[in-house]
Amino acid sequence: AGITLFIVYTVRTRSDFSGIVSAAAATGVDHEAFFSLQNASAASGQFQWLGQSGGSNPLLIEREDSEATNLAILSAAAGSASFEDLEGQGSDTYDGMFATPDKIVLAGHYNDGTFGYSAVDVYEVGLFTRALTTGERAALHDYLRNKYGL
C-alpha cells in the first residue's frame, strides 16, 4: 500500500508556492486529498512536499533547493512519509493515507483545474502505486544520479 513518486527536474524561475509536480483526485485541491511538491516562498529558497492538508496533522517536509538539476523521491504509506533528494532525506508523519491519484500535474497545482504554474524543466517522472522499501529507494536514487550525472 502507499505511493512513491520520483521526478528529475530543474526550477528555472522560482515563484511563491508554484507547483513542481502534484498528484490529485478527480476533483478538489491536490494537497488536501493527495499532495504537491512545490516551491515554498520565493525568498526562502526552499521547496516543500505538502499533503493531506485538510487533516489535523498534515504532511509537510521542507528542504533547501538549488538552481541545479535535482531529483526528488517521495514515498508514503499510511501515516508515514519520506523524502529523498541530492542533499539527503527528510520524513514526517501525517493523518490519513494516499491512494492512487487520478491526475499527475507537472509544473502546476490542481484545484478542479490547473493553476500555480512553475517554470520547470522535467527530465523524468514516475509513479509506483506502493511505497518502495528503503533498498528500492536507494537503488532508484543511484540509478537516477548515474543516468543524469547528478
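Residues numbered from 1 in each chain as written. Predicted model: local features only at pLDDT ≥ 70, side-chain atom pairs only at ≥ 80, totals over all residues. Heavy atoms only, no water.

Chemist: So what's going on with the overall build of the protein chain? Which residues, and what values?
Modeler: For the protein chain, the helix and strand inventory stands at two helices and 12 strands. Reading the protein chain from its N terminus to its C terminus gives the helix and strand order β-β-α-β-β-β-β-β-β-β-β-β-β-α. In summary, the protein chain has a C-alpha radius of gyration of 14 Å against a globular reference of 15 Å for 150 residues, a match within 12%. Taking the principal axes of the C-alpha coordinates as reference, the protein chain spans close to 35 × 35 × 25 Å. Residues counted as buried form 47% of the 150 residues belonging to the protein chain. Sequence-distant contacts in the protein chain: of pairs separated by 6 or more residues, those separated by 24 or more amount to 62%. With 8 positive and 18 negative side-chain charges, the protein chain shows a spacing of 7 Å between the two charge centroids. (Helix = DSSP H or I, 4+ residues; strand = E, 2+ residues; numbered from the N terminus. Rg over C-alpha atoms; globule rule 2.2 N^0.38 Å. Buried < 20%, exposed > 50% of the residue type's maximum accessible area, 1.4 Å probe, protein only. Contact = heavy atoms within 4.5 Å. Lys, Arg positive; Asp, Glu negative; His and termini not counted. Charge placed at Lys NZ, Arg CZ, Asp CG, Glu CD.)

Chemist: Account for the sheet that holds strand E3 (residues 35-39), with residues named and values stated.
Modeler: Taken together, the five strands give an open sheet; going across it, the order is E5-E4-E3-E2-E9, and neighbouring strands pair in antiparallel fashion. Of all the strands in the sheet, the pair left with one neighbour each is strand E5 (59-64) and strand E9 (103-106). When strand polarity is set aside, the average angle formed by the axes of neighbouring strands in this sheet is 10°. Pairing of strand E4 (residues 46-51) with E5, which is carried by six bridges, proceeds in the antiparallel orientation. What sits directly across from glutamine 46, in E5, is glutamate 64. (Pairing = 2+ DSSP bridges. Axes fitted to C-alpha atoms, helices over the stretch in contact; angles between N-to-C directions.)

Chemist: With reference to specific residues and values, describe the side chain of threonine 4.
Modeler: Within the secondary structure layout, threonine 4 lies in strand E1 (residues 3-13). Side-chain polar atoms of threonine 4 contact the backbone oxygen of arginine 130, separated by 2.9 Å. Leave out the neighbours within four places in its chain, and threonine 4 touches Ile73, Leu74, Ser75, Gly126, Leu127, Phe128, Arg130, Ala131 and Leu132. (Polar contact = N/O pair within 3.5 Å; in protein donor to acceptor, adjacent residues only side chain to side chain.)

Chemist: Lay out the packing of aromatic side chains in plain terms, naming residues and giving numbers.
Modeler: Remark: the centre distance and the inter-plane angle together describe each pair of aromatic rings, the angle taken between the planes. Taken as a whole and assessed by the stated rule, the structure comprises six aromatic pairs. Relative to phenylalanine 128, the ring of phenylalanine 6 has its centre 6.2 Å away and its plane inclined at 40°; by these criteria the two rings are tilted. Of this pair, phenylalanine 6 sits in strand E1 while phenylalanine 128 sits in strand E12 (residues 119-128), placing them 122 residues apart in sequence. The class of phenylalanine 6 is buried, set by a relative accessible area of 8%. Three or more aromatic residues joined by ring pairs make a cluster, and in this case those are Tyr9, Phe35, Phe47, Trp49 and Phe83. (Phe/Tyr/Trp six-rings, centres within 6.5 Å; stacked < 30°, edge-to-face > 60°.)

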